[in-house]
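One-letter residues, chain by chain:
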Protein chains: 2
Amino acid sequence: MAANKEIPYKIYLEENEMPKAWYNVRADMKNKPAPLLNPGTHQPMTAQELEGVFCAELVQQELDNTTAYIPIPQEIQNFYKMYRPSPLVRAYCLEEKLKTPAKIYYKFEGNNTSGSHKLNSAIAQAYYAKKQGLKGVTTETGAGQWGTALSMACAYLDLDCQVYMVKVSYEQKPFRREVMRTYGASVTPSPSNTTNVGRQILAEHPGTTGSLGCAISEAVEAAVTQEGYRYVLGSVLNQVLLHQSVIGLETKAALDKYGIKPDIIIGCAGGGSNLGGLISPFAGDMLRGEANYRIIAVEPASCPSLTRGKYAYDFCDTGKVCPLAKMYTLGSNFIPSANHAGGLRYHGMSSIVSQLYHDGLIEATSVEQTKVFEAAEYFARVEGILPAPESSHAIRVAIDEAIKCRETGEEKTIVFGLTGTGYFDMVAYEKFNNGEMGDYIPTDEELEKSFTTLPQVEE
Amino acid sequence: MAANKEIPYKIYLEENEMPKAWYNVRADMKNKPAPLLNPGTHQPMTAQELEGVFCAELVQQELDNTTAYIPIPQEIQNFYKMYRPSPLVRAYCLEEKLKTPAKIYYKFEGNNTSGSHKLNSAIAQAYYAKKQGLKGVTTETGAGQWGTALSMACAYLDLDCQVYMVKVSYEQKPFRREVMRTYGASVTPSPSNTTNVGRQILAEHPGTTGSLGCAISEAVEAAVTQEGYRYVLGSVLNQVLLHQSVIGLETKAALDKYGIKPDIIIGCAGGGSNLGGLISPFAGDMLRGEANYRIIAVEPASCPSLTRGKYAYDFCDTGKVCPLAKMYTLGSNFIPSANHAGGLRYHGMSSIVSQLYHDGLIEATSVEQTKVFEAAEYFARVEGILPAPESSHAIRVAIDEAIKCRETGEEKTIVFGLTGTGYFDMVAYEKFNNGEMGDYIPTDEELEKSFTTLPQVEE
């Protein structure tokens, strides 16, 4: 601890300071996240049931609500060393430009080829699949960050990787598709004719351009119908937040190294993987009564699950083949406006994040996409990193909080998660550059209609 | 010095270990690189003549053959801290996969939004332009790495940035164009109707898709015909290699920190900016007789200026508005096959690199593009970074040298420059993934014809 030591632009941990165990925030939660339910019986999913879909060791992690620290296998630690520790950046240039007394830090997860934090869980899930002797894994991807991350992990471990990519993204983001192919993955536009659920959806909605929920259904079916395959998922699940805790652990270690205590911690929230990972150790401090922080989840106004959703059991996918999860949800049929370009499109939210929000540990706010892209462009010009639209939700609120500090004169310490880069999102940036971007906020009527699709579950 | 200290996966210098001065290898060269000549009089360009095109302080750097260390202004040091020091990576995974006793390191310059080392000189050139009170700068860009880097630097300094982008790239790489626009640059496809030389080329070659040499001519004209503008260039020039010496200085400092002495240093060579920057301090050691290394320049077989070019004065641009430079050249009309996808397309080579090669300090080799993309894909899967095609030329030869070590049992230390990432090169990767990539090597006859365009200069 060296409170008055000058802070470098980028704080890198030494390799021997990197986390050797993931932190499982559930262990410190008094109100545990609600269990996954069997969609048929509405009974909690057993390990045995889950093991048909997921790797055995990942099922244990999914169900473990009590072990606070779970060791990171050495092989995964080694892989992490290829692209981690990620820097905790002091945004000196942004502070100066904003003329704010606030101290702004961001944890930058974009310095790897997948372009985001997704790789942290991809390598873990691929590792356990390999360890179990499987041939390969299946998954879905929307914009492609998760699919790319999984392709990289599988290439490293010589594991087959089958990606169902939402058709509209497959067509509009051929470069993401090619990155996955370069890493040896097979990429199928979803819905496809390769699964029953895909054929069914195509029959019912000819010409559909697909959705994440639909691609999930296809990937799950592909996993359970092929010998030696399991399904993996890049967000929402407890196991994913566990792996992503590496973000928060590194952040906390870097701050501690310089005796810095954050006042506000900000993360963008789609399914909750980055947010949950970033805040886990800080939320743990709060749950144990050891510290207090303001934690803010930022979501798109066009897909506002925390701020306008219902806290209820819901389907995780369109085909309704997955377990039910209790979460803040907009209804499994909800699809954000086609004009929404900012990512974070999932209809629900991680059960852990949902419970923490429900218990008042986390605040949530939503922002409109033109404001998000304004912040993204501003940040790019000042801090030199072109951010992912997803990450820019957090940037927007960090800038707003820093401006408030300018007005009040408070020297708050703000930490936010910069989850990734926007190099594959230039179609969205082009729209913004050309002044063709609008804001698309669902009406109350639309949401009410969407909520009618929620399953009736007695708790 | 700690020869037996365990080497981390990534060696990061501390911020206070970063270079505070650039190293000017010309100071240690007995045979200085030949001066630029006035294309009309064939007399060495004076500072006054050059100042019509370039910023005054950059002209001094261009002409300074004697000062070994030139201080890096504090503002540039601060900008460097946003994305530097870049990591020197120990390629443990690659070594293991290749089963080689060689120790492989690469200096990775791709972790910034421009995606390459180009930013190192862009910020320097923009800084001196700003300091001189200019309104803006003009430049050309091919694939777009340099244009992106310059846009970033100009956005940071509030300087206008006008980029002439080779038309075929402008159309085929809309995303690069949008990154530049996001950073506030204006991007014009070249040849264009905005300059005399552009109109002339369009009249002579209607429907042409442009070339780098042509875009240079337009950018120079735009600079000298607008009040308060100067022209900047991303490679070839002495000043660029000076700024890029930060790569080599950091590399050497990182190696020294762990008591590592490289045996082989490998860099890809287009105009020579990365290669020259990486090798400068090592070449300095050799020139002063203090050490010996094997230095290998790697160029594409389809654009082989060092290995098959002539060492002669030549035009730097198509419109012949620039000074003449003595260099290894294929002739200023030489354009690599349209099927060449690996970058490094410039017809000539930095005068410094040319002189060092001519004096036998550097070796050169050329590689075919299918071999380059094979190496790129292999590297991506093993080391987790999708490399730029340009950088992959160095990867190819580093792998080949490591395989030789496996055969001989030698534990050589190999260092290569990984100049950037391939995120904007997915069209080329797609071609490779689909098995549609070929090799395109100019015939002796083609080269002989191209050499006939060399100017007659008495030396």
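All of these numbers come straight from a predicted model, not from anything done at the bench.

Peer 1: Explain the overall build of chain A here, please?
Peer 2: From N to C terminus, chain A includes 18 helices and 15 strands. For a compact globule of 459 residues, the expected C-alpha radius of gyration is about 23 Å, and chain A comes in at 21 Å, within 12% of that figure. By its C-alpha atoms, chain A is 60 × 50 × 45 Å across when sized along the principal axes. Considering chain A as a whole, with its 459 residues, one finds that 66% of them fall into the buried category. Split by element, the accessible area of chain A, about 15800 Å² in all, is 48% carbon and sulfur.

Peer 1: What is the right way to read the interface of chain B and chain A from this model?
Peer 2: The interface of chain B with chain A comprises 45 residues on the first partner and 45 residues on the second. Between chain B and chain A, roughly 4200 Å² of surface is buried when both sides are summed, and carbon and sulfur atoms account for 55% of that area. Where chain B packs against chain A, one counts 4 salt bridges. The residue Lys97 of chain A makes a salt bridge to Asp158 of chain B at a minimum N-O spacing of 3.9 Å.

Peer 1: How do you make sense of the relation of the copies chain B and chain A when you look at a structure like this?
Peer 2: Copies of the same chain, two in number, are related to each other by a rotation about an axis and a translation along it. For the pair chain B and chain A, the best superposition has an RMSD of 0.0 Å and corresponds to a rotation of 180° with a translation of 0.0 Å parallel to the axis. Put plainly, the chains are arranged around a two-fold axis. Residues of chain B ranked by C-alpha distance from the rotation axis are headed by Asn111 of chain B, positioned 3.0 Å from it. A high fraction, 100%, of the interface residues of chain B reappear at the interface in chain A, so the copies pair face to face through one surface.

Peer 1: It is not clear to me how unusual backbone geometry should be interpreted in this structure. Could you clarify?
Peer 2: It is generally the case that most residues other than glycine have a negative phi and that most peptide bonds are trans. Between Ser190 of chain A and the following residue, Pro191 of chain A, the backbone shows a cis peptide bond with an omega angle of 5°. As for its placement among the helices and strands, Pro191 of chain A is situated in the loop between strand S8 (186-190) and helix H9 (196-204). A cis amide bond, omega -5°, links Arg84 of chain B with the succeeding residue Pro85 of chain B. Within the fold, Pro85 of chain B resides in the loop between helix H3 (74-83) and strand S4 (88-90). For His42 of chain B, which is not a glycine, the phi torsion comes out positive at approximately 60°. In this structure, His42 of chain B sits in the loop between strand S2 (21-23) and helix H1 (47-51). Of note in this structure, Lys320 of chain B is not a glycine but carries a positive phi near 60°. Structurally, Lys320 of chain B is set in the loop between strand S12 (310-315) and strand S13 (324-329).

Peer 1: For this particular structure, what's the right way to read the confidence of the model for chain A?
Peer 2: For chain A, the mean per-residue pLDDT works out to 95, and 99% of the residues sit at or above 70. Across the interfaces of the predicted complex, the ipTM metric reaches 0.94, alongside a pTM of 0.96.

Peer 1: Is there a simple way to explain the sheet that holds strand S6 (residues 136-141) of chain A in this structure?
Peer 2: Picture the strands of a sheet paired through backbone hydrogen bonds; they go either parallel or antiparallel. Residues and elements named next belong to chain A. Here 4 strands make up an open sheet; going across it, the order is S8-S7-S6-S9 and the pairing parallel. Sheet topology places S8 and strand S9 (229-231) at the edges, where each strand pairs with a single neighbour. Each strand of the sheet is rotated relative to its neighbour by a mean of 25°, with strand direction disregarded. Note that S6 and S9 share 3 bridges and pair parallel. Among the inter-strand pairings, Val137 is bridged to a residue of S9, identified as Arg230.

Peer 1: I would appreciate a short explanation of the pairing of strand S6 (residues 136-141) of chain B in the present structure.
Peer 2: Within a regular strand, side chains alternate between the sheet's two faces. Residues and elements named next belong to chain B. Most of S6 sits inside the fold, with 6 of its 6 residues counted as buried. Both faces of S6 are covered, namely the face carrying Gly136, Thr138 and Glu140 and the face carrying Val137, Thr139 and Thr141. Note that S6 and strand S7 (residues 160-166) share 6 bridges and pair parallel. Opposite Val137, over in S7, you have Cys161 as the bridge partner.

Peer 1: Teacher, can you tell me more about the pairing of strand S11 (residues 294-300) of chain B here?
Peer 2: Residues and elements named next belong to chain B. Within S11, 6 of the 7 residues are buried, which leaves it mostly tucked inside the rest of the structure. As judged from the 5 bridges shared by strand S10 (residues 264-268) and S11, these two strands associate in the parallel manner. Residue pairing across strands places Ile264 opposite Arg294, the latter belonging to S11. With 5 bridges connecting them, S11 and strand S14 (residues 363-367) associate as parallel partners. If you follow Pro300 over to S14, its bridge partner there is Val367.

Peer 1: I would appreciate a short explanation of the sheet that holds strand S8 (residues 186-190) of chain B in the present structure.
Peer 2: All names here are of chain B. An order of S8-S7-S6-S9 is seen for the 4 strands of this open sheet, with the pairing classed as parallel. Where the open sheet ends on each side, the last strands, each with one partner, are S8 and strand S9 (229-231). Across the sheet, the mean angle from the axis of one strand to that of its neighbour is 25°, orientation sign disregarded. Sheet strands in contact with helix H6 (residues 145-157) are S6 and S7, and its direction is about 165° off that of S6. Against the sheet, helix H8 (residues 174-182) makes contact with S6, S7 and S8, and its axis sits at roughly 170° relative to S7, the strand it touches most.

Peer 1: Before we go on, may I ask you to explain the side chain of Thr138 of chain A in this structure?
Peer 2: Residues and elements named next belong to chain A. By the element assignment, Thr138 lies in strand S6. Of note is the side chain of Thr138, whose polar atom sits 2.7 Å from the backbone oxygen of Ala219. Sequence-distant contacts of Thr138, that is, excluding residues within four places in its chain, are made with Gln162, Ala219, Ala222, Ala223, Gln226, Tyr229, Arg230, Tyr231 and Val232.

Peer 1: Hey, could you run me through the packing of aromatic side chains in this one?
Peer 2: Aromatic ring pairs are defined here through the distance separating the ring centres and the angle between the ring planes. Residue and element names in this part refer to chain A. Scanning the model with the defined rule gives 35 aromatic pairs over all chains in all. When the centroid spacing of 6.2 Å and the interplanar angle of 85° are considered together, the rings of Tyr80 and Tyr83 count as edge-to-face. Here Tyr83 and Tyr80 lie together in helix H3 (residues 74-83), a separation of 3 residues that amounts to about one turn. Side by side, Tyr80 and Tyr83 carry an identical accessibility label, which is buried. By the ring-pair criterion, three or more aromatic residues cluster together here, those being Phe79, Tyr80, Tyr83 and Tyr156. The cationic tip of Arg177 hangs over the ring face of Tyr170; the distance from NZ or CZ to the ring centre is 4.9 Å. Here the guanidinium or amino end of Lys320 rests over the ring plane of Phe315, the centre of that ring lying 4.7 Å away.

Peer 1: Help me understand empty space enclosed by the protein in this model?
Peer 2: Vacant regions in the atomic arrangement are exposed by a probe of water-molecule size rolled over the atoms. Scanning the entire structure with this criterion turns up 12 cavities of 30 Å³ or more. In this model, the largest cavity occupies a volume close to 200 Å³. Of all the elements in the fold, those that place two or more residues in the lining of the largest cavity are H3 of chain A together with strand S5 (103-108) of chain B. Ranked by residue count, the leading element in the lining of the largest cavity is H3 of chain A, at 3 residues. When its volume is computed, the second largest cavity comes out at roughly 170 Å³. Together, 21 residues line the second largest cavity, and Lys10 and Asn111 of chain A together with Met82, Tyr83 and Asn111 of chain B are the ones closest to its centre. Of all elements in the fold, only strand S5 (103-108) of chain A together with H3 of chain B reach the threshold of two or more residues within the lining of the second largest cavity. Grouping the constituent residues of the lining of the second largest cavity by class yields 13 nonpolar, 6 polar and 2 charged.

Peer 1: Is there a simple way to explain the side chain of Thr370 of chain B in this structure?
Peer 2: Residue and element names in this part refer to chain B. Here Thr370 shows up in helix H15 (residues 369-383). A distance of 2.8 Å separates polar atoms of two side chains, one belonging to Thr370 and the other to Asp439. Residues contacting Thr370, with those up to four places away along its chain left out, are Phe432, Met437, Gly438 and Asp439.

Peer 1: What's the story with the packing of helix H11 (residues 238-257) of chain B against helix H12 (residues 273-287) of chain B in this structure? I'm lost.
Peer 2: Two numbers describe a pair of packed helices, the interaxial angle and the distance between the axes. Residue and element names in this part refer to chain B. Packing of H11 against H12 brings their axes to within 6 Å, and their N-to-C directions diverge by 55°. Taken as axis vectors, H11 and H12 run oblique relative to one another. In the crossing of H11 with H12, the sense of the turn from one axis to the other is right-handed. Along the contact surface, H11 presents Val240, Leu241, Gln244, Ser245, Ile247, Gly248, Leu249, Thr251, Lys252 and Leu255, while H12 presents Ser273, Asn274, Gly276, Gly277, Leu278, Ser280, Pro281, Phe282 and Asp285.

Peer 1: Honestly, the state of the cysteines in this entry has me stumped. Any pointers?
Peer 2: Simply put, disulfide is the name for a covalent bond between the sulfur atoms of two cysteines. Applying the stated criterion across every chain yields a total of 0 disulfides over all chains. For Cys268 of chain A, which is in no disulfide, the shortest distance to another cysteine sulfur is to Cys303 of chain A and amounts to 13 Å. Unpaired in terms of disulfides, Cys322 of chain B finds its nearest cysteine sulfur in Cys316 of chain B, a separation of 5.8 Å.

Thresholds, definitions, all that
- Sequence positions are assigned chain by chain, starting from 1 and proceeding in written order.
- As they are written, the chains are lettered A onward and the ligands numbered 1 onward, keeping that order.
- Where local features are concerned, this predicted model is filtered to residues with pLDDT of at least 70; where side-chain atom pairs are given and counted, the filter is 80 or more; whole-chain, interface and lining totals use all residues.
- Derived side-chain values reflect all non-hydrogen atoms in the structure, with water molecules and hydrogen atoms excluded from consideration.
- Working definition: helices are DSSP H or I runs of at least four residues, strands are E runs of at least two. Numbering for both runs from the N terminus.
- Just to be clear, the radius of gyration here is over C-alpha atoms, and the globule rule we use is 2.2 Å times residues to the power 0.38.
- Using a 1.4 Å probe on the protein chains alone, a residue whose accessible area is under 20% of its type maximum counts as buried, one over 50% counts as exposed, and one in between counts as partly exposed.
- In these tables, accessible area is a Shrake-Rupley quantity obtained with a 1.4 Å probe, and a residue counts as shielded only by the protein chains included in the view.
- When checking whether two residues touch, look at their non-hydrogen atoms; a contact exists if any pair is within 4.5 Å.
- Note on definitions: buried area is the accessible-area loss of two parts on being combined, 1.4 Å probe, summed for both.
- Whenever Lys or Arg places a side-chain nitrogen within 4 Å of a carboxyl oxygen from Asp or Glu, that contact is recorded as a salt bridge.
- When the copies are superposed, the least-squares fit draws on C-alpha atoms of residues that have pLDDT of at least 70 in both.
- Confidence scores per residue from the predictor, reported as pLDDT, run from 0 to 100.
- Note on pairing: two strands pair once DSSP finds at least 2 bridges between them.
- Note on geometry: axes are lines fitted to C-alpha atoms, helical ones only across the stretch in contact, with angles between N-to-C directions running from 0 to 180 degrees.
- Contacts described as polar in this section are N or O atom pairs within 3.5 Å, which, within protein, must combine one atom able to donate a hydrogen with one able to accept it, while residues neighboring in sequence count only if both atoms come from side chains.
- A pair of aromatic rings is counted whenever rings of Phe, Tyr or Trp (Trp by its six-membered ring) have centres within 6.5 Å, and the orientation is called stacked for planes under 30 degrees apart, edge-to-face for over 60 and tilted otherwise.
- Cation placement over rings: the criterion is NZ of Lys or CZ of Arg within 6 Å of the ring centroid and within 35° of the ring normal.
- Put plainly, a pocket is an open set of points on a 1 Å grid over the protein atoms alone with protein on both sides within 12 Å along at least five of seven lines, a cavity is a set where a 1.4 Å probe fits but cannot get out, and a lining residue has an atom within 4 Å of a point.
- Grid points are joined across faces, edges and corners, and a volume is the space filled by probe spheres set on the points.
- All residues other than Ala, Val, Leu, Ile, Met, Phe, Trp, Tyr, Cys, Pro, Asp, Glu, Lys and Arg, Gly among them, are scored as polar; the first ten of these are nonpolar and the last four charged.
- Here the word oblique covers every angle except those under 35 degrees (roughly parallel), over 145 (roughly antiparallel) and from 65 to 115 (roughly perpendicular).
- Two helices cross in a left-handed way if the nearer one is turned anticlockwise from the farther one by less than a right angle. They cross in a right-handed way if the turn is clockwise.
- Disulfide: a pair of cysteine sulfur atoms within 2.5 Å of each other.

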